[in-house]
Structures are given as C-alpha cells and as structure tokens.
Amino acid sequence: MKIHEFDPVIYPCKLWVTKYLTEELNDTFEMFPAEEPIPIEFAGAMTFSVRNKLTHDLGFLVAFKSSKNMTVNIIAHESRHVGDMLFERIGEDPQHSESACYFTGWVAECIDKVKKGK
C-alpha cells in the first residue's frame, strides 16, 4: 500500500493520500488529538486528522476504499473536509475564506495526482 505525502509549506500540517482504506494504515498513523486507531469503515473515502507514528508529523489522511472511488465528486468532498479540519485547527473560519478555497483546491490537485499515478 503506497501512501503519498504532500507538504503545503505555509500551513503546519502534512497531507497523506492513499488509494486503499485498510487496517494497515494503523501501522503508520494514529488519530490526532486522540491517540486511537483509525476507524476503518466501508465508505467510499474517509478523511482523518492524524499523527504519523514514525515522524510525529501532524496532518490529514485521505484514504479511498479503492481507486474506483476517486471520482471528482468524492475528491471535492474529501478536500473540503481537509480544509475545514485545517482551518478549525489553526483557529480560522473557512466560510467565505479565499485562503480556505485555495487550500481546498491544492488538496484536490494532490489527490488528483495520486489518482493519475503522478
């Protein structure tokens, strides 16, 4: 299972994307702020606020059930979750925020790169 890492540079987080939502993710990540296993459910995709167990980096994990679930609709949906989580973490309101819109677009581009194998 390949996990792709992206760094937005201007925000204090990492973005991880994987095409496979499996129990193996618990070997690499734990939920943050609660140090619990990642709940694996049968959704098309899920977004989590996590900490990398090895590097201790904080960020967000977007995991798809499979590559078939990497549709434009689901990518947009999960990208919005990442943006909302980040802006909540840094104490900013993402509603009507130009910064939040750009960040959400950046997340969607990262996911699209994973989808296309780039």
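Preceding this paragraph is the structure being described.
Presented here is an overview of the structure given in this document. (Residues numbered from 1 in each chain as written. Predicted model: local features only at pLDDT ≥ 70, side-chain atom pairs only at ≥ 80, totals over all residues. Heavy atoms only, no water.)

Examining the overall build of the protein chain
Quick reminder of the rule: A run of H or I in DSSP becomes a helix once it reaches four residues, and a run of E becomes a strand once it reaches two; helices and strands are each numbered from the N terminus. Every radius of gyration here is taken over C-alpha atoms, with the globule rule written as 2.2 Å times N^0.38, N being the number of residues. Only heavy atoms matter for contacts: two residues are in contact if any of them lie within 4.5 Å across the pair. Method for areas: the Shrake-Rupley scheme with a 1.4 Å probe, in which residue coverage is limited to the protein chains shown. Under this rule, positive means Lys or Arg and negative means Asp or Glu; His and the chain ends count for nothing. For the purpose of locating charges, the reference atoms are NZ of Lys, CZ of Arg, CG of Asp and CD of Glu.
Counting its regular elements, the protein chain contains three helices and five strands. Listed by position from the N terminus, the elements making up the protein chain come as β-β-α-β-β-β-α-α. Relative to the 2.2 N^0.38 estimate, which gives 13 Å for 118 residues, the radius of gyration of the protein chain is 13 Å and therefore close to what a compact globule would have. The C-alpha extent of the protein chain, read off along each of the three principal axes, is 35 × 30 × 25 Å. For the protein chain, restricting intrachain contacts to residue pairs at least 6 apart in sequence, the fraction spanning at least 24 positions comes to 51%. In the structure as shown, the protein chain presents an accessible area of about 6800 Å², 53% of it carried by carbon and sulfur atoms. Positive and negative charge centroids in the protein chain, built from 13 and 18 side chains respectively, lie 9 Å apart.

Some remarks on the environment of Asn69
Residue placement: Asn69 occurs in the loop between β5 (58-64) and α2 (72-89). The residues touching Asn69, leaving out its near neighbours within four places in the chain, are Gly44, Phe64 and Ile74.

With respect to the packing of α2 against helix α3 (residues 98-116)
Note the cut-off: Where helices are involved, their axes are fitted lines through C-alpha atoms of the stretch in contact, as for all axes, and angles between N-to-C directions lie from 0 to 180°. Note that the term roughly parallel is reserved for angles under 35 degrees, roughly antiparallel for angles over 145, roughly perpendicular for angles of 65 to 115, and oblique for everything else. Note: crossing handedness is left-handed where the near helix turns anticlockwise from the far helix by less than a right angle, and right-handed where it turns clockwise.
Close contact between α2 and α3 brings their axes to 8 Å; oriented N to C, the two are set at 135°. The orientation of α2 with respect to α3, classified from their angle, is oblique. When the axes of α2 and α3 are compared, the crossing they make is right-handed. For the pair α2 and α3, the contacting residues are Ile75, Ser79, Arg80, Val82, Gly83, Leu86 and Phe87 in the first and Ser99, Ala100, Phe103, Thr104, Val107, Ala108, Ile111 and Lys115 in the second.

Thoughts on the sheet that holds β5
Keep this limit in mind: Following DSSP output, two strands are said to pair if at least two bridges run between them.
A sheet is described by the order of its strands in space; here five strands give the open sequence β1-β2-β5-β4-β3, paired in mixed fashion. What marks the edges here is a single partner per strand, and that holds for β1 (4-6) and β3 (29-31). Going from strand to strand, the sheet's axes swing by 40° on average, the running direction of each strand aside. Both β1 and strand β2 (residues 14-18) contribute to a ladder of three bridges, which runs antiparallel. Each bridged residue has a counterpart across the sheet, and for Phe6 the counterpart in β2 is Leu15.

Quick word on the pairing of β5
Definition in use: We call a residue buried when its accessible area falls under 20% of the maximum for its residue type, exposed when it is over 50%, and partly exposed in between, using a 1.4 Å probe and counting protein chains only.
The element β5 is largely enclosed, with a buried count of six among its seven residues. Of the strand pairs in this sheet, β2 and β5 are connected by five bridges, and their pairing is parallel. Across the sheet, the residue bridging to Leu15 is Phe60, located in β5. Bridge count between strand β4 (residues 45-52) and β5: seven bridges; the pairing is antiparallel. Looking at β5, one finds that Arg51 is bridged to Leu58. The antiparallel hairpin formed by β4 and β5 contains five residues in its connecting segment, where His56 sits at a positive phi of about 70°.

Observations regarding the packing of aromatic side chains
Operational definition: Here the aromatic set is Phe, Tyr and Trp, taking the six-membered ring for Trp, and pairing holds for ring centres within 6.5 Å; pairs whose planes are under 30 degrees apart are stacked, those over 60 apart are edge-to-face, and all others are tilted.
Applying the stated criterion to the full structure yields five aromatic pairs. Judged by centre distance (5.2 Å) and plane angle (75°), the rings of Tyr11 and Phe103 are edge-to-face. Here Tyr11, found in the loop between β1 and β2, pairs with Phe103, found in helix α3; they are 92 residues apart in sequence, far enough to count as distant. Both rings, one in Phe87 and one in Phe103, keep their centres 6.4 Å apart while their planes meet at 65°; by these two values the pair is edge-to-face. With Phe87 in helix α2 and Phe103 in helix α3, the pair connects residues that are 16 residues apart, well separated along the chain. For Phe103, a relative accessible area of 4% corresponds to the buried category. Following the ring pairs from residue to residue traces out a cluster consisting of Tyr11, Phe87, Phe103 and Trp106.

All quantities given are derived from atomic positions and should not be read as evidence of function.
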